[in-house]
Amino acid sequence: MTFKLLTAALGLSVAALATSGALAQTADTVKERGMLRCGVNTGLPGFASQNDQGEWQGLDVDYCKAVAAAVLGDPSKVTYSPLSAVQRFPALQNNEVDILARNTTWTMDRDTSLGLDFAGVNYYDGQGFMVKNELGVNSALELSGATVCVQSGTTTELNLADYFEANGMDYNPVVIESQSDVNSAYDSGRCDVLTTDASGLAASRLEMGTPDNHTILPEIISKEPLGPAVRQGDAQWADIVRWTHYALLNAEEFGITQANVEEMKNSDNPDIRRLLGQDGNFGETLGLPQDWAAQIIAAVGNYGEIFERNIGVDTPLKIQRGQNALWTDGGLQYGMPVR
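Since the structure is predicted, the reported quantities are computational estimates derived from the model, not experimental observations.

A word on the pairing of strand β10 (residues 171-176). The sheet contact formed by strand β9 (residues 146-151) and β10 spans six bridges and is parallel. What sits directly across from glutamine 151, in β10, is isoleucine 176. A crossover links β9 with its parallel partner β10, the connecting element being helix α6 (residues 155-166), and its sense is right-handed.

Structural data, given as structure tokens:
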């Protein structure tokens, strides 16, 4: 009996090792393929959408480009897979994409039972509400009895139920899979209220027939830390995506930009020299070239440049840095040290 138990245990160990080995090859597979497969939103202005030339752009898209620059030395080596909220997790779990950069909230359930590894928070967000001005509403606490459009398969749907229950209010949900269809239903008058992440509301408002006829209410009812995710079981790949995020943040903190990255390689600052591959062997520890971070910054700039280019105050979304400012400016964004 002891022998049988030992044999079974060894069998499980071998199976676990085999599974681990199969999973722990993403970086090598991407290099051999010569292309990064990135799961993105089907169309969310500022985060992931196609321009008039069919080119993908946005904050999440720039993260895909950053990883491609680090691993392949070329930010254009990306295949984008537009995924709905329902499609996104199976696509990653089934190895249809290498990374999910799709304004996805990091939660305990997703981090554990769904088998995902979140590599960081590239945008701190929170859920809000948008209403038509004609409704005469100034607060979410005045929405009892309203019809609310919400996307299925999201934390938004769950937060909506929690908020109305906690405040003793009734509502009528209209649950739709596609965010574009959610927006259309709201704009056509099928719903009184549209709810999603505050950044998404800013983007959705621009898509309304008359944006000025809609108001985003002041209440934020949840924490929505959004960030890129990879499959569990491949520590090297998770490290590559995670340290890509930290490199972007550290570059902003150190004043390294897309324009001056080559010049900054001559800096006497030890932190800058380590980040840009002039000292130490930190690229080697990730299985990447020594100048991996410099390649990232040359391709997409630092985190601040990505933010301002895609969703900042000079874009149609006009989003302030707020919580997404660096820790040195009172925000929550903080790059771990390269040393």
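So, about the UniProt feature "domain: Solute-binding protein family 3/N-terminal" (unreviewed entry) in the protein. Per the UniProt record, the feature "domain: Solute-binding protein family 3/N-terminal" (unreviewed entry) sits at residues 35-264. The distance separating the terminal C-alpha atoms of residues 35-264 is 29 Å; by composition the span is 34% helix and 24% strand.

Counting across every chain of the model gives two disulfides. Disulfide pairing places cysteine 38 opposite cysteine 64 at an S-S distance of 1.9 Å. Judged by the sign of its S-S torsion, about -50°, the cystine formed by cysteine 38 and cysteine 64 is left-handed. Placement of the pair is cysteine 38 in strand β1 (residues 36-41) and cysteine 64 in helix α3 (residues 59-72), with a sequence separation of 26 residues.

Looking now at the layout of surface pockets. Rolled over the atoms, a probe with the dimensions of a water molecule shows which regions are left empty. Taken as a whole, the largest pocket holds about 240 Å³ of empty space. Contributing to the lining of the largest pocket are 13 residues, with Gly46, Gln57, Gly58, Arg309 and Asn310 lying nearest its centre. Across the lining of the largest pocket, the residue classes tally to four nonpolar, six polar and three charged.

Moving on, we come to the nonpolar core. Among the nonpolar cores identified, the biggest contains 58 residues, and Trp237, Ile256 and Leu276 are the most heavily contacted of them. Among the elements that take part in this core, α3 stands out by supplying nine residues, more than any other. Not counting residues within four places of it along the chain, the set of residues in contact with isoleucine 256 comprises Ala251, Val261, Met264, Ile272, Leu275, Leu276, Ile297 and Asn302. Counting 14 residues, the second largest nonpolar core, distinct from the first, contains Phe129, Phe164, Val193 and Leu217.

This paragraph deals with the packing of helix α2 (residues 26-33) against helix α9 (residues 235-253). Where α2 contacts α9, the two axes come as close as 7 Å, and the packing angle between them is 70°. With respect to each other, α2 and α9 are oriented roughly perpendicular. In contact with Thr26, Ala27 and Val30 of α2, α9 contributes Gln236, Trp237 and Ile240. For the contact of α2 with α9, the residue count by class is four nonpolar, two polar and no charged.

Of the positions making up helix α14 (residues 303-310), those classed as buried are Tyr303, Gly304, Ile306, Phe307 and Asn310. The buried side chains of α14 occupy one side of the element, clustering within an arc of 160° when seen end-on. Next to the buried residues of α14 lie β3 (56-57), α3, β7 (123-125), α9 and α13 (292-300). With a side-chain oxygen lying 3.0 Å from the backbone nitrogen of glycine 304, the N-terminal cap of α14 falls on asparagine 302.

Before going further, it helps to examine the packing of aromatic side chains. The tally for this structure, following the rule as stated, stands at eleven aromatic pairs. Aromatic side chains phenylalanine 47 and tyrosine 123 sit 5.4 Å apart centroid to centroid with 90° between the ring planes, which places their arrangement in the edge-to-face category. Here tyrosine 123 lies in strand β7 and phenylalanine 47 lies in the loop between β1 and β2 (49-50), a separation of 76 residues in the sequence. We note that phenylalanine 47, like tyrosine 123, is buried. Taken together through their ring pairs, the aromatic side chains of Phe47, Tyr123, Tyr303 and Phe307 make up a single cluster. The residue whose ring lies beneath lysine 132 is tyrosine 186, and the NZ or CZ to ring-centre distance is 3.7 Å. Directly above the aromatic system of phenylalanine 307 lies the positively charged group of arginine 321, at a separation of 5.1 Å from the ring centroid.

Glancing now at the sheet that holds strand β8 (residues 127-132). Read from one edge of the open sheet, five strands run β10-β9-β11-β8-β12, paired in mixed fashion. Each edge of the sheet is formed by a strand with only one pairing partner; in this case those strands are β10 and β12 (214-216). Averaged over all neighbouring strand pairs, the angle between strand axes comes to 30°, with direction disregarded. Its contacts with the sheet put α6 on β8, β9, β10 and β11 (193-197), and the angle it makes with β8 is roughly 80°.

So, about the pairing of β9. With five of its six residues buried, β9 lies for the most part within the structure. Direction of pairing for β9 relative to β11: parallel, over a ladder of two bridges. From the neighbouring strand, valine 148 faces β11, where its bridge partner is valine 193.

Cut-offs and rules
Sequence positions are assigned chain by chain, starting from 1 and proceeding in written order. Under the rules for a predicted model, residues below a pLDDT of 70 receive no local features and side-chain atom pairs below 80 are neither given nor counted, while totals for whole chains, interfaces and linings still include all residues. Only hydrogens and water are set aside; all other atoms, that is, all heavy atoms of the structure, feed into the side-chain values. Strands are treated as partners if at least two bridges between them are detected by DSSP. A run of H or I in DSSP counts as a helix once it spans at least four residues, and a run of E counts as a strand once it spans at least two, with each numbered from the N terminus. Seen with its strands pointing away from the viewer, a crossover is right-handed when the path leading from the first strand over the helix to the second is clockwise. UniProt positions are given in the numbering used here, feature names are shortened, and annotations may be inferred rather than shown by experiment. Any two cysteine sulfur atoms within 2.5 Å of one another count as a disulfide. Only protein atoms enter the 1 Å grid used here, on which a cavity is any set of points holding a 1.4 Å probe that cannot leave and a pocket is any open set flanked by protein within 12 Å on both sides along at least five of seven lines; residues with an atom within 4 Å of a point are listed as lining. Grid points are joined across faces, edges and corners, and a volume is the space filled by probe spheres set on the points. In this count, Pro and Cys sit with the nonpolar residues alongside Ala, Val, Leu, Ile, Met, Phe, Trp and Tyr, while Asp, Glu, Lys and Arg are called charged and the others, Gly among them, polar. Working definition of a nonpolar core: buried Ala, Val, Leu, Ile, Met, Phe, Trp, Tyr and Cys residues. They are joined through side-chain atoms within 4.5 Å. When accessible area is computed with a 1.4 Å probe and restricted to protein chains, residues below 20% of their type maximum are described as buried, those above 50% as exposed, and intermediate ones as partly exposed. Residues count as neighbours in contact if any of their non-hydrogen atoms are within 4.5 Å of one another. Lines fitted to C-alpha atoms define the axes, with helix axes restricted to the stretch in contact, and inter-axis angles between N-to-C directions lie between 0 and 180 degrees. We call two directions roughly parallel when the angle between them is under 35 degrees, roughly antiparallel when it is over 145, roughly perpendicular when it lies between 65 and 115, and oblique otherwise. Taken from the helix axis, the directions to the C-beta atoms give the arc we talk about. In the analysis that follows, any N or O atom pair within 3.5 Å is treated as a polar contact, provided that within protein one partner can donate a hydrogen and the other can accept it, and provided that, for residues neighboring in sequence, both atoms belong to side chains. Aromatic contacts are taken between Phe, Tyr and Trp rings whose centres are within 6.5 Å, Trp giving its six-membered ring; a plane angle under 30 degrees counts as stacked, one over 60 as edge-to-face, and the others as tilted. The rule for a charge over a ring is simple: NZ of Lys or CZ of Arg within 6 Å of the ring centre, and within 35 degrees of the ring normal.

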